[in-house]
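# Close look at the chain arrangement
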Amino acid sequence: MDLHYMTAHAIHKLLVAREVSAAEVAEAVLARLEAVEPVVRSFVTTTPELTRAAASRADEAIARGERITPLAGIPMALKDNMCTKGVRTTCSSRMLENFIPPYDATVVVRLAEQGSGLIGKLNMDEFAMGSSTENSRFFNTKNPWDLERVPGGSSGGAVAAVAAGQAVFALGSDTGGSIRQPASFCGVVGLKPTYGLVSRYGLVAFASSLDQIGPVTRDVTDCALVLNAIAGHDPMDSTSAGYQPPDYRECLVPDIKGLRIGIPREYFGQGLDPDVERVVREAIGLMEELGAVVDEVSLPHTEYALPAYYIVAPAEASSNLARYDGVGYGFRVEGATDVVSMYMKTRSEGFGQEVKRRIMLGTYALSSGYYDAYYLKALKVRTLIRGDFDQAFKKFDLLASPTSPTVSFKFGERADNPLAMYLSDLCTIPVNMAGIPAISIPCGFSQGLPVGLQLMGKPFGEETILRAAYAYEQATPWHRRRPSLEVQQ
Amino acid sequence: MEYEAVIGLEVHTELKTNSKVFCGCTTAFGGEPNTHVCPICLGLPGVLPVLNKRVVEFAIKIGLALNCKIAAFSKFDRKNYYYPDLPKNYQISQYDLPIAAGGYLPIEVNGETKSIGITRVHMEEDAGKLLHSGESISRSPYSLVDYNRTGVPLLEIVSEPDLRTPEEARAYLEKLKAILQYTDVSDCKMEEGSLRCDANVSIRPVGSDKFGTKTEIKNMNSFRALQRALEYEIQRQREVLESGGRIVQETRSWDEAKGITVSMRSKEQAHDYRYFPEPDLVPLVIEREWVEEIRRSLPELPDARKERLIRDYGLPPYDAGVITSSRDLADFFDRTVALHPDAKTVSNWVMGELLRLLNAGNLDITRSLIKPAGLAELLRLMDQGTISGKMAKVIFEEMFSTGKDPGTIVREQGLVQISDEGELAAVVDRVLAGNPGVVEDFRAGKERALGFLVGQVMKETKGKANPGLVNKLLKERLGSN
Ligand SMILES: [Zn+2]
């Protein structure tokens with residue numbers, strides 16, 4: 001198999017066996033990146049020098065006979081909302097087009113400690129607001145399975161790069177489904193960890209109480225390896241949990257006998273594409289064959305998750321994004337006559353439509369006289385949603401559902417209809433509202449496009465999720481499928 | 001109609017923790033602009049606040065010193081508004097669950113004690129400093145921002161509208177300052193902005209229990225400014241009402257130079273701060289044991305100290321009040337008394353000479369070159385008769401301006417009092433021999449003649465003669481006992 005399409009754990013074996021050098025891996029992935037980038041367009045910035053530097057450090061360590069970490073010398077990419085010291089971090093926004101952070105996000109430090117080399121920064125919906133990456137202020141990223149279609153969003157660049165062989169793995173961020181929905185659209189594995197498992201320090205905030213960084217990988221084993229690298233308490237993030245994470249490799253056991261899986265009725269309702277439903281039900285059927293005990297369950301407040309999310313997330317965003325004002329860094333419009341006109345022009349021109357829409361929604365929801373009716377109520381709904389999951393997890397170890405009600409859609413298809421766009425996150429948003437972990441794994445195809453299976457777990461139940469995902473993956477071929485990108489290499 | 005004022009104060013004080021409230025930067029004053037900064041206090045994309053536990057400790061300390069209830073559960077909120085000195089365009093503050101609430105502070109005005117309610121005490125972060133190229137932000141081609149003070153911890157202390165006069169307001173602020181200094185949580189330097197005060201003022205007919213429309217007064221940078229601004233504002237409101245007008249609810253700024261308050265913004269222009277819980281910080285759960293530990297560590301507060309000075313040293317209440325109005329002054333007193341146990345004399349010198357010279361030089365006791373050991377030594381020299389009281393005052397001034405110890409000054413200037421009986425007797429005899437007429441007068445019953453003779457002895461000895469001894473020797477020789 002081509003090096004650029006291999007998993008991190010497979011590459012690691014070759015490196016340790018000295019069958020291939022990290023430099024060769026780096027060059028193969030860089031070549032692939034260059035070759036397909038003109039059609040896929042995953043990257044906002046590429047950093048080949050950092051990839052090569054990490055590769056040569058890995059090769060030197062191997063030459064010295066040292067043990068290398070599982071991710072040493074592995075080319076990886078980051079969604080462009082994670083701060084990288086000296087490498088511009090744009091959030092795919094005009095506002096931060098030339099912003100070069102003076103510090104590294106905690107996840108960046110942790111991956112650097114593993115010896116993994118940054119290959120570039122990935123395109124996204126502006127400030128992670130969107131479900132198709134069409135809200136990038138720079139360009140559209142294509143779905144490698146069908147260049148007419150969106151990769152999903154907001155971590156569209158991350159999933160496209162991993163699916164197209166441009167990076168071995170990537171980190172995305174998930175506020176309402178932004179890792180899982182695109183992972184499902186592009187046939188890769190995407191995990192949204194429990195809120196607080198991975199430090200948010202250095203992640204440019206969209207909605208602080210919902211944002212979480214997670215791995216985008218080609219299989220479940222890589223997902224466990226990357227999670228090992230990034231999970232764990234960070235004193236720089238007060239909301240990071242004091243939880244001591246286990247070695248997630250130990251849950252990679254293909255055994256789910258007796259595992260109780262609940263099927264939330266509400267996730268199979270209106271708007272679910274019948275063929276996607278068929279594929280997902282087959283996947284669940286297979287898990288039953290593998291020994292899981294499957295039954296239906298109800299999460300009665302599901303229908304309120306989306307409206308409540310569109311209060312909480314924009315409210316927090318309206319405050320988080322207030323700092324982009326042209327004063328200290330980032331974009332500032334020319335020709336302002338005073339400070340207020342500088343603010344207004346800078347923000348009018350610096351932000352795109354969707355960002356401005358959400359800032360206005362959030363500002364309104366927090367306004368005096370509306371707070372109780374909107375924000376406070378949304379917080380109460382959030383408590384109810386969490387209660388639904390708490391109830392369900394008394395009877396079940398995991399919940400399974402489609403990640404997205406449909407497969408990837410065409411460019412422009414939903415761009416003018418924000419509500420239709422918001423609906424594509426119906427199955428993923430409740431997970432963020434409750435702060436629980438969930439994974440999307442490839443579970444088949446519909447109309448030739450990947451379908452994702454979502455497995456949701458208890459807080460800090462990543463081990464159970466990974467074990468079930470691994471068992472399913474080992475019994476199916478989907479994770480070995482690659483898109484047939486026809487490009488000259 | 002007779003009116004009375006209703007005044008409430010909002011006081012902001014910078015806490016003197018070593019580092020800022022949400023990052024590790026120093027809180028030290030001075031420093032080149034934008035050198036005490038990091039990505040966190042600059043509010044760069046992606047950063048998160050981490051609460052400095054010392055700030056909570058200080059807030060609890062002040063809460064306890066102001067007799068507040070300390071919340072078992074408290075949280076931070078975001079106060080959203082745009083201003084270029086606020087890099088995130090929101091301030092992390094506390095809205096509905098402050099760390100402390102429901103306290104009181106007794107003040108004394110014209111010998112009467114009054115209890116002023118403390119509504120709440122909460123923690124927040126300070127903003128930066130703007131330097132405008134023109135006279136205001138809207139009239140400047142450009143402005144510069146210094147973020148050194150951004151993120152310095154602040155306490156906001158809000159009083160109930162219990163104050164009725166500018167004097168009471170001033171007494172309240174002075175007492176609050178004393179408490180902040182006693183507990184060692186703030187430097188309280190109004191000129192450096194580490195103690196700031198806004199006032200809510202309204203007036204109403206005497207006897208009414210309804211509040212009038214209030215105005216908020218800002219920009220009062222000294223105790224004097226507070227008192228003057230309130231006096232002005234009360235008079236202004238009275239004139240508006242008496243001429244049939246209505247008070248407009250607004251924010252007004254004190255103009256120190258012109259001695260007036262001017263309108264800044266109306267109620268309609270007031271900010272909607274869109275408070276909501278700060279999602280980047282977890283709520284604070286305050287352990288009772290911690291509160292009790294802090295309570296036990298509280299130093300002696302001004303009222304208790306004043307009582308002690310009255311009780312243990314018999315100081316008059318007024319003197320005890322003056323000495324304990326500042327922790328540094330009270331410490332100076334206590335340290336001096338420890339070395340020279342005649343508390344009344346020490347008090348007289350502190351209240352008299354020391355405060356006179358400090359006030360004349362507009363100095364703080366911490367800047368005084370005279371230390372407790374120096375004053376105690378001076379008093380000892382006086383007790384021993386080495387120097388006279390008159391000489392002591394001269395030496396005290398010298399100590400105050402040079403910092404030299406009294407022994408050195410005495411030696412350098414040859415100020416030692418002549419207490420040697422033989423030496424003085426010779427001078428006395430000379431004076432008596434040289435003034436037979438005066439001696440006659442004295443013997444004829446003119447008591448005042450004695451004073452002249454003493455003066456002559458002092459003149460001969462250049463003022464160094466021990467006055468008591470001179471008197472004794474003269475009387476012996478003149479045979480009047
Ligand atoms: Zn700082």
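Residues numbered from 1 in each chain as written. Chains lettered and ligands numbered in written order. Predicted model: local features only at pLDDT ≥ 70, side-chain atom pairs only at ≥ 80, totals over all residues. Heavy atoms only, no water.

## Brief notes about the overall build of chain A
Rules: Think of it this way: any DSSP run of H or I at least four residues long counts as a helix, any run of E at least two long counts as a strand, and we number them from the N terminus. As a reference, a globule follows 2.2 Å times the number of residues to the power 0.38, and the radius of gyration itself is taken over C-alpha atoms. Each residue is assigned to one of three classes by its accessible area relative to the maximum for its type, calculated with a 1.4 Å probe on protein chains only: buried under 20%, partly exposed between the two thresholds, exposed over 50%. For this analysis, residues touch if any pair of their heavy atoms sits within 4.5 Å. The accessible surface values rely on the Shrake-Rupley method and a 1.4 Å probe; as for residues, cover is taken only from the protein chains in view. In this tally Asp and Glu are treated as negative and Lys and Arg as positive; neither His nor the chain ends contributes. Each charge is placed at NZ for Lys, CZ for Arg, CG for Asp and CD for Glu.
Along its length, chain A carries 15 helices and 11 strands. Compactness check: chain A gives a C-alpha radius of gyration of 21 Å against a globular reference of 23 Å for 489 residues, within 12% of the reference. Buried positions account for 65% of the 489 residues belonging to chain A. Considering only contacts within chain A whose residues lie at least 6 apart along the sequence, 77% involve residues at least 24 apart. Carbon and sulfur atoms make up 52% of the accessible area of chain A, which amounts to about 16,900 Å² in all. Across chain A, the mean location of the 47 positive side-chain charges is 2 Å away from that of the 55 negative side-chain charges.

## Some details on the domain arrangement of chain B
All names here are of chain B. The following threshold applies: Domain delimitation in this document rests on an assignment produced automatically or drawn from a domain database. We define buried area as the total accessible area lost by two parts upon association, computed with a 1.4 Å probe and summed across both. Here, a salt bridge means any Lys or Arg side-chain nitrogen found within 4 Å of an Asp or Glu carboxyl oxygen. Polar contact criterion, stated in full: a pair of N or O atoms within 3.5 Å, where within protein one must be able to donate a hydrogen and the other to accept it, and residues adjacent in sequence count only if both atoms are side-chain atoms. Charged residues are taken to be Asp, Glu, Lys and Arg, nonpolar residues to be Ala, Val, Leu, Ile, Met, Phe, Trp, Tyr, Cys and Pro, and polar residues to be all remaining types, Gly included.
Per the domain assignment, the segments making up chain B are domain 1 (3-292), domain 2 (300-413) and domain 3 (421-478). Once you take the C-alpha centre of each, domain 1 and domain 2 turn out to be 35 Å apart. Note on domain 1 versus domain 2: buried area summed over both sides is about 840 Å², and carbon and sulfur give 55% of it. When the area that domain 1 buries against domain 2 is broken down by residue, the three leading residues are K175, Q181 and Y182, summing to 65%. There are 2 salt bridges connecting domain 1 and domain 2. With a shortest N-O distance of 2.9 Å, K306 and E108 are connected by a salt bridge. For the pair domain 1 and domain 2, the interface holds 4 residue pairs in polar contact (both at pLDDT 80 or more). Secondary structure elements with two or more residues in the side of domain 1 that touches domain 2: β6 (100-109) and α2 (166-182). If one sorts the elements of the side of domain 1 that touches domain 2 by residue count, α2 sits on top with 5 residues. Grouping the constituent residues of the side of domain 1 that touches domain 2 by class yields 5 nonpolar, 2 polar and 3 charged.

## A short note on the coordination of the zinc ion
Residues and elements named next belong to chain B. For clarity, the threshold we go by: Any N, O or S atom lying within 2.8 Å of the metal counts as a donor, with the limit raised to 3.2 Å for Na, K and Ca; because water is left out of the atom set, some sites can appear incomplete. Working rule for geometry: tetrahedral if four donors all subtend angles between 85 and 135 degrees; square planar for four, octahedral for six, if opposite donors exceed 155 degrees and the others stay between 65 and 115; irregular in every other situation.
Protein-derived coordination of the zinc ion comes from C23 (SG), C25 (SG), C38 (SG) and C41 (SG), at a distance range of 2.3 to 2.4 Å. Classification of the site at the zinc ion as tetrahedral follows from its 4 donor atoms and the range of 101 to 115 degrees in their angles at the metal. Of note, the zinc ion draws all its donor residues from one chain, in the sequence arrangement C-x1-C-x12-C-x2-C. Taken together, the residues C23 in the loop between β1 (3-14) and α1 (53-65) and C41 in the loop between β1 and α1 connect sequence positions 18 residues apart. The exposure class assigned to C41 is buried, which follows from its relative accessible area of 6%.

## Here we look at a negative patch on the surface
Residue and element names in this part refer to chain B. The condition is simple: Patch construction takes residues with relative accessible area above 30% that form no salt bridge. Like charges are linked within 9 Å, and nonpolar side chains (Val, Leu, Ile, Met, Phe, Trp, Tyr) are linked within 5 Å.
Taken together, the side chains of E191, E192, D328 and D364 present a region of like negative charge at the surface. One can find E191 in the loop between α2 and β11 (195-205). On the accessibility criterion, E191 (67% relative accessible area) is exposed.

## Observations concerning the interface of chain A and chain B
If you look at the interface, chain A gives 38 residues, while chain B gives 32 residues. Interface area for chain A against chain B, summed over the two sides, is near 2,700 Å², with a carbon-plus-sulfur share of 59%. Sorting the residues of chain A by area buried against chain B places S238, S319 and R323 of chain A first, and these three jointly supply 21% of that buried surface. Our enumeration of links across chain A and chain B arrives at 1 salt bridge.

## Things to note about the pairing of strand β5 (residues 90-93) of chain B
Residues and elements named next belong to chain B. Note the threshold: DSSP-based pairing: two strands are paired if at least 2 bridges between them are found.
Across the two faces of β5 the burial is the same, with Y90 and I92 and Q91 and S93 all buried. Of the pairings in the sheet, the one linking strand β4 (residues 77-80) to β5 comprises 4 bridges and is antiparallel in character. Bridge assignment links N80 to a residue of β5, and that residue is Y90.

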